Amino acid sequence: MQNNKYVKADNLYYFVRTEKGLSRDKACKLFERISPDRLERIENGKVLPNPEEIMELAEKYGEPNIRNYYCANQCPMGRNYVSEVENLDLSQATLQIIAQINKISSYKDRLIEIASKGHVTEGYSEEFDMITSELEELQNAIDSLILWKEKNED
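Heads up: these notes are all about the structure in this document. On a predicted model such as this, the values are computed, not experimentally measured, just so you know.

1. A closer look at the side chain of Glu43
Consideration 1: Looking at where Glu43 falls in the secondary structure, it is placed in helix H3 (residues 36–43).
Consideration 2: Residue Glu43 is classed as buried on the basis of its relative accessible area, which comes to 5%.
Consideration 3: A distance of 2.7 Å separates polar atoms of two side chains, one belonging to Glu43 and the other to Arg24.
Consideration 4: Here Glu43 is in contact with Asn11, Tyr13, Tyr14, Arg17, Arg24 and Tyr61, once residues within four sequence places are set aside.

2. Considerations on H3
Consideration 1: Looking at H3, one finds that the buried residues are Arg38, Leu39, Ile42 and Glu43. For H3, the angular spread of buried residues about the axis comes to 130°, placing them on one side.
Consideration 2: Buried residues belonging to H3 abut helix H1 (12–19), helix H2 (24–30) and helix H4 (51–61).

3. With respect to the nonpolar core
Consideration 1: The biggest cluster of nonpolar side chains holds 17 residues, and the ones touching the most others in it are Tyr13, Phe31, Leu39, Leu57, Tyr61 and Ile66.
Consideration 2: Residue assignment for this core shows that the elements contributing at least two residues are H1, H2, H3, H4 and helix H5 (65–73).
Consideration 3: Broken down by element, the residue count for this core peaks at four residues, all from H4.
Consideration 4: In this view, Tyr13 contacts Ile42, Glu43, Pro49, Ile54, Leu57, Tyr61, Ile66, Tyr69, Tyr70 and Gln74; residues no more than four positions away in its chain are not counted.

4. Some thoughts on the pattern of salt bridges
Consideration 1: Applying the stated criterion across every chain yields a total of 11 salt bridges.
Consideration 2: Note that Glu56 is salt-bridged to Arg33, the shortest N-O span being 4.0 Å. Here Arg33 lies in the loop between H2 and H3 and Glu56 lies in helix H4, a separation of 23 residues in the sequence.
Consideration 3: For the salt bridge of Lys149 with Glu153, the shortest nitrogen-to-oxygen distance reads 2.7 Å.
Consideration 4: With a relative accessible area of 47%, Glu153 lands in the partly exposed category.
Consideration 5: Each member of the salt-bridge network shares a partner with another, and the members are Arg17, Arg24 and Glu43.

Cut-offs and rules
Residues numbered from 1 in each chain as written. Predicted model: local features only at pLDDT ≥ 70, side-chain atom pairs only at ≥ 80, totals over all residues. Heavy atoms only, no water. Helix = DSSP H or I, 4+ residues; strand = E, 2+ residues; numbered from the N terminus. Buried < 20%, exposed > 50% of the residue type's maximum accessible area, 1.4 Å probe, protein only. Polar contact = N/O pair within 3.5 Å; in protein donor to acceptor, adjacent residues only side chain to side chain. Contact = heavy atoms within 4.5 Å. Arc of directions from axis to C-beta. Core = buried A, V, L, I, M, F, W, Y, C linked by side-chain atoms within 4.5 Å. Salt bridge = Lys/Arg side-chain N within 4 Å of Asp/Glu carboxyl O.

This is the structure:
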């Protein structure tokens, strides 16, 4: 897990509910699909929530990071393709984006040269891996900004 406020909790879903000051019963009054028994099993790690429950938890708790956490850590397909996004504030996310754009700008010509061959030729694979890693860092910074926006929309 990345360094965010949820690292301290054994179970994100329990942590968010208690952070909001909600008892299990009060939380379940917000939900259409999740019973107190089901929420208890989710919070105790006995069952994984399904995608519909994740959407409802994220919406009703006002915590869009729940969706990303589930996709990056618990979804069988997402675990292989989704990175966990840091829960940054606006200035941190913005500065990370600018820093990554500046860093990637210096690799633009090398990426064009590698791509012009139509495939990654021998001798370029390490450099290509490094460039794509930097692009992933940019994507994570962008995702952090989007997450901040979702959490702070009125």
